[in-house]
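Commentary on secondary and tertiary structure
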Amino acid sequence: MQALIVYASLTGNTRRVARALAEELSCPAVDVRKRGDLELASVELLLVGDGVYGGRPSRAMARFLQALPRLEGLRAAVFGTYGAKPSQLPRLVELLRARGAQVVGEFACPGRDWFALGLLRRGRPNARDLARARAFARRLSSAF
Ligand SMILES: Cc1cc2nc3c(=O)[nH]c(=O)nc-3n(C[C@H](O)[C@H](O)[C@H](O)COP(=O)(O)O)c2cc1C
């Protein structure tokens, strides 16, 4: 199964989850801001990850998803980190569905919250969060 991870990460938490998923799926994890020209033709599972900022995904990720070509039937999954609540995920799902993708999974865990001066969710994602992320990746790949 050929997977591709595209993530946005302002303070590094979602990047750590993206890297754990990439290791488990033996696939690239691409920062949305450094994506260049992405080759989607051979991709069978697209994973999209982001933090949540003011209740929303990052502007960079929203723009990227809105500019995608039609993804008719492509399987996709969303993941993210959050300080209080993963309220970016429903929006990521909505944007992927709007491009025709079929969203087959969601994963979220807390991430150290620098909006709260780093005082909240200290140490997250931790080893347990990353192990849960890896288990999520295995569940996704076992469906192929
Ligand atoms: C500018 C800013 C705004 C944030 N807004 C929210 C929010 O609305 N809800 C929430 O649950 N967490 C919020 N957070 C916490 C982040 O979503 C959380 O720390 C997340 O792990 C950040 O991911 P990143 O390190 O990949 O950027 C905010 C963090 C920052 C820096």
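Residues numbered from 1 in each chain as written. Predicted model: local features only at pLDDT ≥ 70, side-chain atom pairs only at ≥ 80, totals over all residues. Heavy atoms only, no water.

What follows concerns the layout of surface pockets. By volume, the largest pocket amounts to about 390 Å³. Contributing to the lining of the largest pocket are 22 residues, with Val52, Tyr53, Gly83, Asp113 and Phe115 lying nearest its centre. Secondary structure elements with two or more residues in the lining of the largest pocket: helix 1 (13-25) and strand 4 (75-82). Here the residues of the lining of the largest pocket sort into seven nonpolar, 12 polar and three charged. Here the second largest pocket defines a volume of roughly 170 Å³. Tyr53, Arg56, Pro57, Ser58, Arg59, Ala62, Gln66, Arg91 and Leu95 are the residues that line the second largest pocket. If you list the elements that add at least two residues to the lining of the second largest pocket, you get helix 2 (59-66) and helix 3 (88-98). Counting residues per element, the lining of the second largest pocket draws most heavily on helix 2, at three residues. Split by residue class, the lining of the second largest pocket holds four nonpolar, two polar and three charged. (1 Å grid on protein atoms, 1.4 Å probe; cavity = no way out; pocket = protein on both sides within 12 Å on 5 of 7 lines; lining within 4 Å. Points joined across faces, edges and corners; volume = space filled by probe spheres on them. Helix = DSSP H or I, 4+ residues; strand = E, 2+ residues; numbered from the N terminus. Nonpolar A, V, L, I, M, F, W, Y, C, P; charged D, E, K, R; others polar.)

Bringing the packing of helix 2 against helix 3 into the picture now. Here helix 2 crosses helix 3 at 20 degrees, and the two axes come no closer than 9 Å. It follows from the interaxial angle that helix 2 and helix 3 lie roughly parallel. Once helix 2 is placed against helix 3, the crossing between them reads as right-handed. From helix 2, Met61, Ala62, Leu65 and Gln66 reach across to helix 3, where they touch Arg91, Leu92, Leu95 and Leu96. (Axes fitted to C-alpha atoms, helices over the stretch in contact; angles between N-to-C directions. Parallel < 35°, antiparallel > 145°, perpendicular 65-115°, else oblique. Left-handed = near helix turned anticlockwise from the far one by under 90°. Contact = heavy atoms within 4.5 Å.)

Moving on, we come to the pattern of salt bridges. Should the charged atoms of two oppositely charged side chains come close, the side chains can pair. In total, this model carries eight salt bridges according to the counting rule given. For Arg134, the salt bridge is made with Glu24, and the minimal N-O distance between the two is 3.2 Å. Separated by 110 residues along the polypeptide, Arg134 in helix 4 (residues 127-142) and Glu24 in helix 1 bring together distant segments of the chain. Classification of Arg134 by relative accessible area gives partly exposed; the value is 25%. Arg33 is paired through a salt bridge with Asp31; the nearest N and O atoms lie 3.0 Å apart. Within the structure, one salt-bridge network assembled from shared partners comprises Glu23, Glu24, Arg134 and Arg138. (Salt bridge = Lys/Arg side-chain N within 4 Å of Asp/Glu carboxyl O. Buried < 20%, exposed > 50% of the residue type's maximum accessible area, 1.4 Å probe, protein only.)

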